[in-house]
Amino acid sequence: MSKRDYYEVLEVSKSASADEIKKAYRKMAIKFHPDKNPGDKEAEDKFKEAAEAYEVLSDDNKKARYDQYGHAGVGGAGGFGGGGFGGGMNMEDIFSQFGDIFGGGGFGGFGGGGGRQQVKGSNLRIRIKLNLEEMVNGTQKTLKVKKMKMAEGATSKTCPTCNGAGVQMKVMNTMFGQMQTQTTCGTCQGIGKVADKIPAGANAQGLIKDEEEITINIPAGARDGIQLNVRGKGNDAPFGGIPGDLLVIVEEEVDNTIKREGDNLHQELYVSFAEAALGAKKEIPTVGGKVKITVDPGTQSGKILRLAGKGLPSIDSYGKGDMFIHINVWTPQKLTKEQKDFFEKQMNSGEMVAEPSGKEKTFFDKVKDLFN
Ligand SMILES: [Zn+2]
């Protein structure tokens, strides 16, 4: 089961306030509470899912990490035998949240739990660096991934403790009388099988270190910090379980020439003194390929050209951001004898002087323009 987005789980927007998140969780907790839905596995799962989402979104630190890195940022992916419930919360943890939510009191405890688990191999995490162009247009990467695989020749037998059921029954004395509870079998951790023959080099679960070449398709529009889930490419599960997933975390390669700001991109363009005075044609790299631009004669340093739609595709709407070209006029630092003579002549004649008309855009005008 791939993990749902925490905001989606609580049915709130990404900009929801702490109070809204709390209210949304309260609603979910009441709706899916096990006391109200006895024996309903789906409700129980939803109850746990909501609790996990709230645990992260109600904690400023965890929320920030989740907003940036997704589930990977908050250790949300369940390890092997973790019962499929990520952050390591159990029912006790969940009920301890309620002091905060319901102002003390709240619900009573919750019996049951346990049960034969679908055994899944542990997830693997890798980071992958992509440049802006690869992120915008999508790409394919083939990587060698180190992982645990079922060793050849490893065999299993039925767990002698639970006879393959994966659970053990326990009788507890409570104030309501005797209660029977199920717990995960301690011998096989719920798998129902234990190792029989283990080849040399493999661990007690019959797994051995190996390497696999995996091709990953990165969809267009990837962002820094997003996590792609390649199903079934994580570590193998012991004895007939399903393999874990490979979680690929996308990292943006730092580009020193192009800066991004939301969907917009900014880049500096240096032109020579002569190009600024006489005008010039220039080629600019963009994420969609090279684009020709015209530098008008008499262009001032600091002018900003806007290439509409040459930014990044917007994440939450149609359309694209823009590319802004910041023009810098490069003042010559080494002059030949002739050039020096030329500039001296110009200076002394008083013909080449700065003469702003008053209509030039100030720095503040330019900033204002960027937001229009
Ligand atoms: Zn067992």
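Residues numbered from 1 in each chain as written. Predicted model: local features only at pLDDT ≥ 70, side-chain atom pairs only at ≥ 80, totals over all residues. Heavy atoms only, no water.

Visitor: Explain the overall build of the chain to me, please; I cannot follow it from the model alone.
Guide: Helices and strands together make up the secondary structure of the chain, namely 9 helices and 15 strands. Put simply, the chain has 372 residues, and 35% of those count as buried. For the chain, restricting intrachain contacts to residue pairs at least 6 apart in sequence, the fraction spanning at least 24 positions comes to 64%. In the form shown here, the chain has an accessible surface area of approximately 22,300 Å², with 50% of it arising from carbon and sulfur atoms. (Helix = DSSP H or I, 4+ residues; strand = E, 2+ residues; numbered from the N terminus. Buried < 20%, exposed > 50% of the residue type's maximum accessible area, 1.4 Å probe, protein only. Contact = heavy atoms within 4.5 Å. Areas by Shrake-Rupley, 256 points an atom, 1.4 Å probe, with all protein chains shown as cover.)

Visitor: Quick question: what am I supposed to make of the coordination of the zinc ion here?
Guide: When a metal carries six donors in an octahedron, the ideal angles between them are 90 or 180 degrees, while four donors in a tetrahedron ideally lie at 109.5 degrees. For the zinc ion, the protein coordination sphere consists of C159 (SG), C162 (SG), C185 (SG) and C188 (SG), at 2.2 to 2.3 Å. Between the 4 donor atoms coordinating the zinc ion, the angles at the centre fall across 101 to 115 degrees, so the site counts as tetrahedral. Expressed as a motif, the donor residue spacing for the zinc ion is C-x2-C-x22-C-x2-C. Of this pair, C159 sits in the loop between β3 (155–158) and β4 (167–174) while C188 sits in the loop between β5 (177–184) and β6 (193–197), placing them 29 residues apart in sequence. (Donors = N, O, S within 2.8 Å, 3.2 Å for Na, K, Ca; no water. Tetrahedral: all angles 85-135°; square planar, octahedral: opposite > 155°, others 65-115°.)

Visitor: When you look at the pattern of salt bridges in this model, what are you seeing that I'm missing?
Guide: Working definition: two side chains of opposite charge can pair if their charged atoms are close together. Per the stated rule, a full pass over the model turns up 23 salt bridges. E134 is the salt-bridge partner of K141, the closest N and O atoms lying 3.0 Å from each other. In this structure, E275 and K282 form a salt bridge, with 3.1 Å as the shortest nitrogen-oxygen distance. Through salt bridges with shared partners, a single ionic network connects K147, K149, E212 and K233. (Salt bridge = Lys/Arg side-chain N within 4 Å of Asp/Glu carboxyl O.)

Visitor: What should I look at first to understand the sheet that holds strand β11 (residues 264–272) in this one?
Guide: Consider a sheet: its strands pair through backbone hydrogen bonds, and that pairing is either parallel or antiparallel. Strand order in this open sheet of 4 strands is β10-β11-β15-β14, and the pairing throughout is mixed. The sheet is open, and its two edges are formed by β10 (258–261) and β14 (304–307), each paired on a single side. Geometrically, the sheet is characterised by an average inter-axis angle of 30 degrees between neighbouring strands, direction not taken into account. Of the strand pairs in this sheet, β14 and strand β15 (residues 323–330) are connected by 4 bridges, and their pairing is antiparallel. Opposite R306, over in β15, you have F324 as the bridge partner. (Pairing = 2+ DSSP bridges. Axes fitted to C-alpha atoms, helices over the stretch in contact; angles between N-to-C directions.)

Visitor: Looking at this structure, I do not really get the nonpolar core. What am I missing?
Guide: Nonpolar side chains tend toward joint burial in soluble globular proteins. Y6, L10, V12, I21, Y25, L57 and Y66 are the most contacted members of the largest nonpolar core, which totals 22 residues. The set of elements that each furnish at least two residues to this core consists of α1 (6–10), α2 (18–32) and α3 (41–57). It is α3 that contributes the most residues to this core, 8 residues altogether. For L10, the contacting residues outside a window of four places in its chain are I21, A24, Y25, M28, A50, A53, Y54 and L57. Ranked by size, the runner-up nonpolar core spans 19 residues in total, among them I258, V291, I293 and V295. (Core = buried A, V, L, I, M, F, W, Y, C linked by side-chain atoms within 4.5 Å.)

Visitor: Sorry, what's going on with the packing of aromatic side chains here?
Guide: Working definition: an aromatic ring pair is given by the centre-to-centre distance plus the angle between the planes. Counted under the stated rule, the structure contains 6 aromatic pairs. Between the aromatic rings of Y25 and Y54, the centroid separation amounts to 4.4 Å while the plane-to-plane angle is 15 degrees, which identifies the pairing as stacked. Here the residue Y25 occupies a position in helix α2, and Y54 occupies one in helix α3, the gap between them amounting to 29 residues. The exposure class of Y54 is buried, given its relative accessible area of 5%. (Phe/Tyr/Trp six-rings, centres within 6.5 Å; stacked < 30°, edge-to-face > 60°.)

Visitor: Which parts of the structure should I look at to understand the sheet that holds strand β9 (residues 246–252)?
Guide: Read across the open sheet, the 3 strands follow the order β1-β9-β8; overall the sheet is mixed. Only two strands of the sheet have a single partner each, and these edge strands are β1 (124–130) and β8 (227–230). Adjacent strand axes in the sheet meet at a mean angle of 25 degrees, parallel and antiparallel pairs treated alike.

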